[in-house]
Amino acid sequence: MAAANQPSPSHPADSLMGLAGPRVLRLLIAAVIAIVGLVAALVLPLAFVLIAACGLAIVTLASRNARLQRYAFQAAFAAVIILVGRVLVSNLTTELDKTNLESLPFVDLSGSFPFIDFSMDFLDRRAGFGLPETSFGQEYTENNSYGDAYLAGLLNTLRVAIIGIFLASIVGLAAGVARLSNNWLLSKLATVYVETFRNVPLLVQLIFWYTAVILKLPKIQDDASFLNVILISNRSVAVPGMNTSDGFGLWLLLLLAVAAISIAVWYLRNQSQETTGKPSYPAWSAAGVFVVLGGATFLLTGSPMTFELPELIGRSHEGGLQVTPEFTALLLGLTLYTGAFIAEVVRGSIQAISKGQTEAASALGLNGFQRLRLVILPQALSIMIPPLTNQYLNLAKNSSLGVAVAFPDLFRVTKITINQSGQTVPMILLVMVTYLAISMLISLIMNVLNSRVRIRTR
Amino acid sequence: MAVQTRPISTSPVTTRAVRWTRENLFSSIPNSAVTVAALALLYLVLFGSDPVGQAGALATFDWPDLLGGGLIKFVFDGADWSVVHANRRLYFLFRFPTATPTAANPDETWRIWVILYMLSGLAGASAGLWTRIDLKVAVVFLLLMVPVSLFIGAGAVLLLTGGAVAMFAASYVAAHFAPGIKTYLAVAKNVAIGAWIVAFFVAWTLLNGVDSRLWGGLLLTLFLTVVGIIASFPLGVLLALGRASTFPVIKGFCTAYIELIRAVPLITILFMALVFVPLMLEPDRRIVGLPITGVDFDLVARATIAITLFSAAYIAENVRGGLQSVPRGQMEAAEALGLSTSRILAFIVLPQAIRAVIPSLVGQFISLFKDTSLVFIMGLTDLLEVAGIVTSQPGFFGRQAESLLFVALIYWIIAFSMSRASQRLERTLGVGDR
């Protein structure tokens, strides 16, 4: 068998199913056969596909030609997959036709080329349901379309995912480093945190935060607050926010230019530090340039942004940044749960750095914080990123559990839309494709980051 | 060895404890500050206030009160645990018939007891055959069982629970200390494995004597977990082998499946199974002209299908990592011995690959166990759903915290034991020592 797998050029098995000729021609023939077979398997009656699958299986078992066996086996596998898929899809469409629902988007051979009807017209219809919150300043009322509602859900999911990833990273980094602290009490506290939050389902935690903590906050008319800055109630939590006026856009543009200048300064100072060997404080200089120029442009554009404290007016919080109890519960749950997993990633990565690095850094006279920031973390980061990506992906996907605390995320909007419009199949496919896109986006960003921090080995 | 530079103090005051405290908590000024801050945090969580009592002044309301005035005060004073005690049967079995049997609705609880005794006996025997139980662990376990038994109930229930523990101990002793067991150890282990497989089908049959719509609580959670693990593991291994295959069609299919499933949340797959499975596989559907009847895809079956399909993709990725860790020389050597491909995989590659990834596999099983809480989306009543339902009964309103903490404790105990068992298995098998 091992010998048959490595045919010599003159071996009969080298020709494709007995066909001889130049390699390109053989590949071309193989491609044509594969395409014809695929189309036939998709179009011919199911019984033919079944017979073909059985025939190919018999060829696989009976053939003495290793290459033919290979092709026949794969073709049989493809035939079985197509067979099962076609049975399932045809059952589905028959059943959906009975209930008079749109079964889009599926291959429709009676239609025109390319036989796929992707029209999702119902998304333009009036939604008729309101959403308690939207993100990034999007306006949405029940008079908007299903498509707008879907967009609102998507933006809500993105908001909670972005803020959650940011906060969970901070919590995870802190807890992971704390677990390795040589302070016994701190490392035990961090261990208890990690082991507690990792081993209880996220859904239990979410419902606990929502029903047992956040909904038990004081009523809004009780005017509860921390130092009159953070207003708290079971209807909303308000924190200080920013108020923008004319010229904000201009300032933002100028700020981008300032940021570019700062990066240039950082780069130049870094270069000079590397060539001369004298410390030239690249990060401090860049930060200084950014603050001074940023402040100057801020004043030049007429102070387009003001700090605003929230206040209680009547029975609602006004001004500042207000978040709903649902959002707070979801964010709190996602942050603490994912933070515990990130802590383990951080700990594992730091422990993977050889002890000699720490000892060498100590020998150079670096203190604990310097050792961590300059020697350990940069190396740990490159080990950390792949498992960290998984945790970020988990957080984004787990935001769909917001449905349990009535947060209007992508999944909840999808569920409401299905209940109202009956468009089950297109909506489920749409929401899956959307989550796929979000996951791919996160993977892409993290892969870019990964290639930037990878240690270049000699 | 390094030279001891610091002389050990001979001062009678410096006891070991003081030295330990100084080294581990107050070795330097920053270290001492961290200790004080950690103590303050601990105090806040446990007693709902800071040691000096000034935290409350920051706010215009009594915010430590939110956490029931700290964990200790909440657990021992503020909480009303009667919600848990009064509903204990609901948490474990939910509507499994029945606490109050009638002629039309006979008591089926005996099925659960039979399964429990069977599993206790098997677990005890397996523990006796494979490991040696630490006497300390056994004593702690028995001491813990006392409050648990008292909680579970008095009279017959208490006796039956004690019986299950006794069954475990008796089987352990019988298997571990049987005369001449050393000679038959390999045979006895094979018999035990066979017994586990038989026990699975016996338990399956016993449970299916009751309509699955009446399953709920911890029973349902454990059922979904066990069946999910048993079904998704082989599927995951097949997918991993498919992804490592040199056949482009099979490799492409497996890769696409794994990546697609891993990119979407479980909740959407559960929802899809809820809607699509009955449409695609209804009992009266005809598959290629053959009527497939007698298969009723109830909610539990749909949840199991979804969890299995989802979990298999993750298991496949774990196993793939293991496959990559097996040196190529192993396969070449097996080929040189003339073994067939299937034998190479079954006897050479897979045992090494799976052993290398036991920790991540168990991590995946723990995830699966926690993920079973998502079946609420299908309208199933698992342990977490029961926690919500019991607090909607009159008399238990507003007791969500107690109910959820109890449920969280059950989840925690099971998940934590699984992770500890995996660490132990890892040590026994010497993963990482090679």
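Below you will find a few notes about this structure. (Residues numbered from 1 in each chain as written. Chains lettered and ligands numbered in written order. Predicted model: local features only at pLDDT ≥ 70, side-chain atom pairs only at ≥ 80, totals over all residues. Heavy atoms only, no water.)

**Quick notes on the overall build of chain B**
Put simply, the test is: A run of H or I in DSSP counts as a helix once it spans at least four residues, and a run of E counts as a strand once it spans at least two, with each numbered from the N terminus. Relative accessibility decides the category of a residue: with a 1.4 Å probe and only protein chains considered, values under 20% of the type maximum give buried, values over 50% give exposed, and everything between is partly exposed. In what follows, residue pairs with any heavy atoms lying within 4.5 Å of each other are defined as contacts. Here, Shrake-Rupley sampling with a 1.4 Å probe gives the accessible areas, and only protein chains in the shown set may cover a residue.
Looking only at helices and strands, chain B has 18 helices and two strands in total. Relative to its full complement of 434 residues, chain B shows a buried share of 40%. A fraction of 72% describes how many contacts in chain B between residues 6 or more apart in sequence connect residues 24 or more apart. When the accessible surface of chain B is summed, it comes to about 23400 Å², and 70% of that surface belongs to carbon and sulfur atoms.

**Digging into the interface of chain B and chain A**
Using the following cut-off: The term buried area refers to how much accessible surface (probe radius 1.4 Å) is lost by two components on association, counted for both of them together. Within this document, salt bridges are pairs made up of a side-chain nitrogen of Lys or Arg and a carboxyl oxygen of Asp or Glu, the two lying within 4 Å of each other. Distance and chemistry together define a polar contact, namely a pair of N or O atoms within 3.5 Å, with one atom able to donate a hydrogen and the other to accept it when in protein, and with adjacent residues in sequence counting only for side-chain atoms on both sides.
Tallying the contact residues gives 62 residues for chain B and 61 residues for chain A. Taking both partners together, chain B and chain A bury about 5800 Å²; carbon and sulfur atoms supply 76% of that area. Of all residues in chain B, the largest losses of buried area upon contact with chain A belong to Phe271, Met280 and Lys370 of chain B, amounting jointly to 10% of the total for that side. The tally of links from chain B across to chain A stands at zero salt bridges. Where chain B meets chain A, there are eleven residue pairs in polar contact (both at pLDDT 80 or more). For the side of chain B that touches chain A, the secondary-structure elements that each account for two or more residues are α1 (16-24), α2 (29-47), α11 (248-263), α12 (266-281), β1 (286-287), α16 (358-371) and α18 (400-429) of chain B.

**Notes on a nonpolar patch on the surface**
Residue and element names in this part refer to chain A. How we decide: Patch members must show over 30% relative accessible area and no salt bridge, and they are joined within 9 Å when carrying like charges or within 5 Å when they are nonpolar side chains of Val, Leu, Ile, Met, Phe, Trp or Tyr.
Taken together, the side chains of Phe136, Ile162, Ile163, Phe166, Leu167 and Ile170 define a hydrophobic patch exposed on the protein surface, amounting to about 580 Å² of accessible area. Within the secondary structure, Ile162 sits in helix α5 (residues 146-179). On the accessibility criterion, Ile162 (53% relative accessible area) is exposed.

**Description of the packing of helix α9 (residues 185-208) of chain B against helix α10 (residues 217-243) of chain B**
Residue and element names in this part refer to chain B. The test is simple: Fitted lines through C-alpha atoms serve as axes, helices being fitted only where they are in contact, and the angles separating the N-to-C directions of these axes extend from 0 to 180 degrees. Throughout this description, any angle smaller than 35 degrees is read as roughly parallel, any larger than 145 degrees as roughly antiparallel, any in the 65 to 115 degree range as roughly perpendicular, and the remainder as oblique. Should the near helix be turned anticlockwise from the far one by less than a right angle, the crossing is termed left-handed; should it be turned clockwise, right-handed. Ten residues, namely Ala, Val, Leu, Ile, Met, Phe, Trp, Tyr, Cys and Pro, are considered nonpolar, four, namely Asp, Glu, Lys and Arg, are considered charged, and the remaining ones, Gly among them, are considered polar.
One way to put it is that α9 packs onto α10 with a least axis distance of 13 Å and a crossing angle of 140°. As the angle between them shows, α9 and α10 are arranged oblique. In the crossing of α9 with α10, the sense of the turn from one axis to the other is left-handed. When α9 is examined against α10, the residues Phe200, Trp204 and Leu207 are found in contact with a partner set consisting of Leu219, Phe223, Val226, Val227 and Ile230. Taken together, the residues that form the contact of α9 with α10 break down as eight nonpolar, no polar and no charged.

**Quick look at empty space enclosed by the protein**
All names here are of chain B. How we decide: Cavities and pockets were defined on a 1 Å grid built from protein atoms only: a cavity is a group of points that admits a 1.4 Å probe but offers it no way out, a pocket is an open group of points flanked by protein on both sides within 12 Å along at least five of seven lines, and a lining residue is one with an atom within 4 Å of any such point. Grid points are joined across faces, edges and corners, and a volume is the space filled by probe spheres set on the points.
According to the stated counting rule, one finds one cavity of 30 Å³ or more in the structure shown. Looking at the largest cavity, its volume works out to about 40 Å³. For the largest cavity, the full set of lining residues is Leu266, Ile307, Phe310, Ser311, Gln364, Leu368 and Asp371. Elements with a contribution of two residues or more to the lining of the largest cavity: α13 (299-325) and α16. Partitioning the lining of the largest cavity into residue classes produces four nonpolar, two polar and one charged.

**Quick look at the side chain of Ser245 of chain B**
Following the sequence through the fold, Ser245 of chain B ends up in the loop between α10 and α11. Setting aside chain neighbours within four positions, we find Ser245 of chain B in contact with Ile250 and Lys251 of chain B.

**Quick notes on the nonpolar core**
What tends to happen in soluble globular proteins is that the nonpolar side chains get buried as a cluster. Selection criterion: By nonpolar core we mean a set of buried residues, namely Ala, Val, Leu, Ile, Met, Phe, Trp, Tyr and Cys, connected to one another through side-chain atoms within 4.5 Å.
Phe129 of chain A together with Tyr91, Leu270 and Ile377 of chain B are the most contacted members of the largest nonpolar core, which totals 172 residues. Top contributing element to this core by residue count: helix α10 (residues 325-352) of chain A, with 14 residues. Contacts of Tyr91 of chain B, omitting those with residues within four sequence positions, involve Val83, Val84, Gly217, Leu218, Leu383, Val386, Ala387, Val390, Ser403, Phe406 and Val407 of chain B. The next biggest cluster of nonpolar side chains, apart from the first, holds six residues, and it includes Ala41, Val49, Ala53 and Leu83 of chain A.

**Overview of the environment of Arg159 of chain A**
Residues and elements named next belong to chain A. Tracing the backbone through its elements, the reader meets Arg159 in helix α5. Once the C-alpha coordinates of Arg159 and Asp409 are considered, the two residues, 250 residues apart in sequence, prove to be 9.5 Å apart. Residue contacts for Arg159: discarding those within four places in its chain leaves Glu133, Thr134, Ser135, Phe136, Phe327 and Phe407.

**So, helix α8 (residues 248-276) of chain A**
Residues and elements named next belong to chain A. The test is simple: A helix's residues, less one, multiplied by 1.5 Å, set its expected span.
Taking 1.5 Å of rise per residue, 29 residues should cover 42 Å, and α8 covers 41 Å from first to last C-alpha, within 8% of that figure. Burial in α8 covers these residues: Trp251, Leu255, Val258, Ser262 and Asn270. Residues of α8 that are buried make contact with α9 (282-300) and β5 (305-308). Downstream of α8 by a residue or two, Gly277 has a phi angle that is positive, lying close to 80°.

**Looking at the packing of aromatic side chains**
Residues and elements named next belong to chain A. What counts is decided by this rule: Aromatic rings from Phe, Tyr and Trp, taking only the six-membered ring of Trp, are treated as a pair when their centres fall within 6.5 Å; an angle between ring planes under 30 degrees marks them as stacked, one over 60 as edge-to-face, and anything in between as tilted.
Within this structure, the stated rule accounts for 21 aromatic pairs over all chains. Ring centres 5.7 Å apart and planes at 70° place the aromatic pair Phe208 and Trp209 in the edge-to-face group. For Phe208, a relative accessible area of 18% gives the class buried. By relative accessible area, which is 15% here, Trp209 ends up buried.

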